[in-house]
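Given next are the chains, with one letter for each unit.
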Amino acid sequence: MELVKQQRDTASDLKTQEYFVNMGPQHPSTHGVLRLVLGLDGEIITKVEPHIGYIHRSIEKMCEHDNYRQIVHLTDRMDYLSAHINNEAVCLAVENALEIEVPERARVIRTIFAELTRLASHQLWWGVMGMDLGALTAFLYGFRDREMINDIFEETCGARLTMNYNVPGGVMFDLHPNFHKRVKEFIAHFKTKLPEYDDLLSNNVIFRQRTEGVGILSKEDAISYGVTGPTARASGVSCDVRKLHPYSAYDRVDFKEILMEEGDSFARYKARVLEMWESLSIVEQLIDNIPEGDFQAPTKAVIKLPKGEYYQRVETARGELGVYIVSDGGKSPYRLKFRSPGFSNLFVLEKLAVGSKIADLVAIMSTIDIVVPDIDR
Amino acid sequence: MFAINLYDFSGTVNSIHQWLNARLTPGWATAAEWAIIGISLILFVAISVIILVYVERKVAAFFQLRIGPNRVGKWGLLQTIADFLKLLMKEHITSKNADKFLFNLAPFIMVTAVFLGLGAIPFAKGLQIFDINIGLFYIAAASSVGVFGILLGGWAGNNKYSLIGALRSGAQVVSYELSIMLSLLTMVVFTGSLQLSQIIASQQDGWWIFKGHLPAWIAFIIFMIAGTAETNRGPFDLAEAESELTAGFHTEYSGIKFAMFFLAEYVSLFIIAAVGATVFFGGWMPFHIDDWAAFNRIMDYIPPIVWFFGKVAMLIGIIMWFKWTFPRLRIDQLLVLEWKYLLPLNLMNLILVSFIVLMGWYF
Amino acid sequence: MNAIVRYFAGIFKGLKTLATGMKVTGYYFSHARKEIITQQYPENRDTLQMFERFRGIVTMPHDENNEHRCTGCSACEVACPNGSIEILWQRLEDPETGKKKKTIDKFVYHYSMCTLCNLCILACPTDAIKMDQTFEYAVYDRKELTFILNKPGSKVRADVKE
Ligand code: SF4
Ligand code: SF4
């Protein structure tokens, strides 16, 4: 902003005109149907106004008519890259309300799946980030590694993306016999490929220049905008729900919460890449220690939550997902609200992008890692 | 009738010339020669672009762990032809408030520029359309006309994305023109001539990339970077940065007009590679090692035209490798790269080369 | 002087990182034969093996006597979150006892609405329906995506108790 003003003052006899550009709803780098109205002064952004709602499906309203088992599968369709974690959030909320003791085995399975989901999501994000910045090949490499995780999911859950693997009380099926083997293969494979990610993008001088010092999010802003997830942790805000309020099996694994200081696009990038290492290590710690036992706790055929309000938060790949259930004692919630990470993260865009160039906006949007169905729900 | 000697085309060319002159008045004979040249150029461009697009897609696919086109014809060989036919049949859309004249003119300017540039390229011994004494300069001048096409196309489409793309491209081409010329100039200090046939002749005893050692290497690297930028290809494809500007300056174009931009891009890629091959790698000169007579004879056995296209293919491969590896630069970084790095390095290199040539420190 | 050193060091470091990147892609390019991971889909139909838990479509298995296990209890219809299943039942006279009994007439399944969530399968008390691994259901009209799962003339197997 300062820069814009400065330029205006120095070139006062030159008449420039601010103009508006519609970025989206169909645009290669809005990652879905998001519309940004950009005010531009030459290449410099003076205004960003996100217009959302293009794929609003009223999931929250639909939840009011579904029973608690049916709600779970709708959350697959919110942040489709963290499908498993979204499912888990709803299930945990219901379980806590009913005070169901989830079997150990189910908890560990859930944790492993959640971390694999996070890995898959970050891999896809990494590829897309490369593509947004013009390194088209990175995209395919990210997808190659994600494919292995998808195969693991498909073998055990029966679906690749909308898995619906959680049910209140545990998980839907037991692990597939091949699960261990495949996960170990994946860990071995990905440990050799993750350094390649660094070679290809993280250390690349062009990539560094494109991201370092671009879109700096201060700690204060991150907190006041309610930014969560790696985006906030890159600004030094400690907000990892897995660490602060451990759920499932996170209390028994040893992992670091990745915290960065810089808050620029590169820090956000780096935070996610480092998070991939952490997720790998979590999976490694748990894969050999899955306790025997039931994978599902017995539940009543019709689940009815006692009258009251329930809140559960989990850490998805994008940040903190909150599930807020108001129950009137019936078999479907009276009101259900999702606090989706993408929504809060998106609106920090205006803060970050004003004063930078269009190309920076793309980098910033990439590192905020938005998933539009999560914003619109 | 016209014996084709793969090692020296001047005989063939001369016999065609005589054959035509014997049958026609001199004026008509010249006209007929022009027609032949024109038709063969168009054919050459069409074929080479079809091949280049196919190769680009296959190369990209292999970089990206894909198979690439494989449905139309064996190994998808006919894919580009099918695409071309599709583009031919597509509707021409001109947006309502576009400047129609300029909008239609822009693709032609692009194509004309690259055709002009092709004129001076020596494809093989005796196979060159015209061999003027400022050949190198001429090619650079002709190919930089293409930027008018980009600017006009971006302006006339009445689309803000294309306008931004066009302005970016204007800044980019103007600055990288400098580098490309300076890096060629360093080599001209070695060769002592701007005439392409002379440049090739000066590499009879070894290519400049070997004879010129370090300075030639620096010039070559700078040439490759600037050449990639000049052809608007990744990582310098800011003018059409598809993740920022959807399709940049040709957002509004469709059908065959779009195909013309495409064609111009690939031909200018070819021109850059051809100039690089000519100046640094001896054009159609075979690879010789000083006194290995037997080896040299084997090398001579490979026709010059194969040498030329082999070198061009190698350089095109490197440029494609760039594109499929690197992220795109931002416009200000692009200009910083040119004015803060390439230009000073180039000037230093030029001084160094002049000194080396003065002292005779090259082979 | 320092600035000049830094300038050149910057150039070399930059070029080195670019070369590392090119090495990675270059490796994949030169080992493309080994590393290509895409599959040739319609060609590999014969060898394509879906995972046994893969959820492709809901089906109702019939045995050789054209009998299935569905009693028409509607548990799946209730469990389905989006109304993809409609159970149309009828009262038929039982030949042995002469009493009227509720049995299934048509199991209508709207594949176009199904989200393949597996809840109906879990809900079914008699394991009458299961997920099939086929997935090629592209059609030109969505009417074609409504299936009647119980075959015409099929009966409930005698050993299935409600
Ligand atoms: S799989 Fe789910 S959506 Fe499909 S019919 Fe069964 S319950 Fe309904
Ligand atoms: S399929 Fe199963 S649940 Fe559905 S009606 Fe038949 S028996 Fe009942």
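The structure we're discussing is the one just above.
What you are looking at is a predicted structure, and each value in this text was computed from that prediction instead of being measured.

Calculation rules
- Residues numbered from 1 in each chain as written.
- Chains lettered and ligands numbered in written order.
- Predicted model: local features only at pLDDT ≥ 70, side-chain atom pairs only at ≥ 80, totals over all residues.
- Heavy atoms only, no water.
- Helix = DSSP H or I, 4+ residues; strand = E, 2+ residues; numbered from the N terminus.
- Near = heavy atom within 4 Å.
- Nonpolar A, V, L, I, M, F, W, Y, C, P; charged D, E, K, R; others polar.
- Contact = heavy atoms within 4.5 Å.
- Buried area = accessible area lost by both parts, 1.4 Å probe.
- Salt bridge = Lys/Arg side-chain N within 4 Å of Asp/Glu carboxyl O.
- Polar contact = N/O pair within 3.5 Å; in protein donor to acceptor, adjacent residues only side chain to side chain.
- Buried < 20%, exposed > 50% of the residue type's maximum accessible area, 1.4 Å probe, protein only.
- Axes fitted to C-alpha atoms, helices over the stretch in contact; angles between N-to-C directions.
- Parallel < 35°, antiparallel > 145°, perpendicular 65-115°, else oblique.
- Expected span 1.5 Å × (residues − 1).

Enquirer: Is there a simple way to think about unusual backbone geometry in this case?
Expert: Glycine aside, negative phi is the norm for most residues, and most peptide bonds take the trans geometry. For Asn-164 of chain A, which is not glycine, the phi dihedral falls at a positive 50 degrees. With respect to the element layout, Asn-164 of chain A can be found in the loop between α6 (136-157) and β4 (166-167). For Leu-65 of chain B, which is not glycine, the phi dihedral falls at a positive 60 degrees.

Enquirer: Just to check I follow, could you spell out the site of ligand 2 for this structure?
Expert: Taken together, 14 residues form the shell around ligand 2, and within it Cys-70, Cys-73, Ser-74, Cys-76 and Cys-124 of chain C come nearest. Grouping the constituent residues of the shell around ligand 2 by class yields ten nonpolar, four polar and no charged.

Enquirer: What is the right way to read the interface of chain A and chain B from this model?
Expert: Size of an interface: often given as the accessible area lost when the parts come together. Taken residue by residue, the interface counts 34 residues in chain A and 24 residues in chain B. Each partner contributes to the roughly 2500 Å² buried at the junction of chain A and chain B, and carbon and sulfur atoms together form 60% of this total. Linking chain A with chain B are two salt bridges. At the junction of chain A and chain B, the tally comes to nine residue pairs in polar contact (both at pLDDT 80 or more). Among the residues forming the side of chain A that touches chain B, the class breakdown is 20 nonpolar, eight polar and six charged.

Enquirer: Please explain the pattern of salt bridges as it appears in this structure.
Expert: Opposite charge on two side chains makes pairing possible when the charged atoms of those side chains draw close. All names here are of chain A. What the rule picks out here adds up to 38 salt bridges over all chains. Residues Asp-76 and Arg-77 are paired through a salt bridge, measuring 3.7 Å at the closest nitrogen-oxygen approach. By relative accessible area, which is 0% here, Asp-76 ends up buried. In this structure, Lys-184 engages Asp-288 in a salt bridge whose closest nitrogen and oxygen atoms are separated by 2.8 Å. Remark: Asp-288 occurs in the loop between α12 (265-287) and β6 (308-315) and Lys-184 occurs in helix α7 (residues 179-202); sequence separation between them is 104 residues. Given the relative accessible area of 40%, Lys-184 is considered partly exposed. Taken together, the shared-partner salt bridges connect Asp-79, Arg-272, Arg-318 and Asp-369 into one network.

Enquirer: I'm lost on the site of ligand 1 in this one. Help?
Expert: For ligand 1, the set of nearby residues contains 13 residues, the closest of which are Cys-80, Cys-114, Thr-115, Cys-117 and Cys-120 of chain C. For the shell around ligand 1, a count of residues per class yields nine nonpolar, four polar and no charged.

Enquirer: Where do I start with the packing of helix α4 (residues 100-118) of chain B against helix α5 (residues 135-144) of chain B in this structure?
Expert: How two helices sit against one another is set out by the angle between their axes and by the gap between those axes. All names here are of chain B. Orientation of α4 relative to α5, taken along the N-to-C sense of each, is 170 degrees, at an axis distance of 7 Å. Taken together, α4 and α5 sit at an angle that is classed as roughly antiparallel. Together, Ala-113, Leu-116 and Gly-117 of α4 and Tyr-138, Ile-139 and Ala-142 of α5 make up the contact between the two elements. Looking at side-chain class alone, the contact of α4 with α5 contains five nonpolar, one polar and no charged residues.

Enquirer: Explain helix α4 (residues 83-98) of chain A here, please?
Expert: Note: α-helices contain 3.6 residues per turn, so residues at a spacing of three or four share the same orientation. Residues and elements named next belong to chain A. The terminal C-alpha atoms of α4 lie 23 Å apart, and with 16 residues this matches the ideal 22 Å at 1.5 Å per residue to within 8%. For α4, a buried count of 14 out of 16 residues is recorded, marking the element as mostly surrounded by other parts of the structure. Backbone geometry just downstream of α4 places Glu-99 in the positive-phi region, at approximately 55 degrees.

Enquirer: Any chance you could explain the interface of chain A and chain C here in plain terms?
Expert: With 33 residues of chain A in contact, the opposing surface of chain C contributes 25 residues. Sorting the residues of chain A by area buried against chain C places Gln-70, His-73 and Glu-154 of chain A first, and these three jointly supply 19% of that buried surface. Counting the contacts that link chain A with chain C gives zero salt bridges. Among the elements of the structure, α3 (68-75), α6, α7 and α8 (205-211) of chain A are those that each provide at least two residues to the side of chain A that touches chain C. It is α6 of chain A that provides the largest number of residues to the side of chain A that touches chain C, a total of eight residues. Within the side of chain A that touches chain C, the residues separate by chemical class into eleven nonpolar, ten polar and twelve charged.

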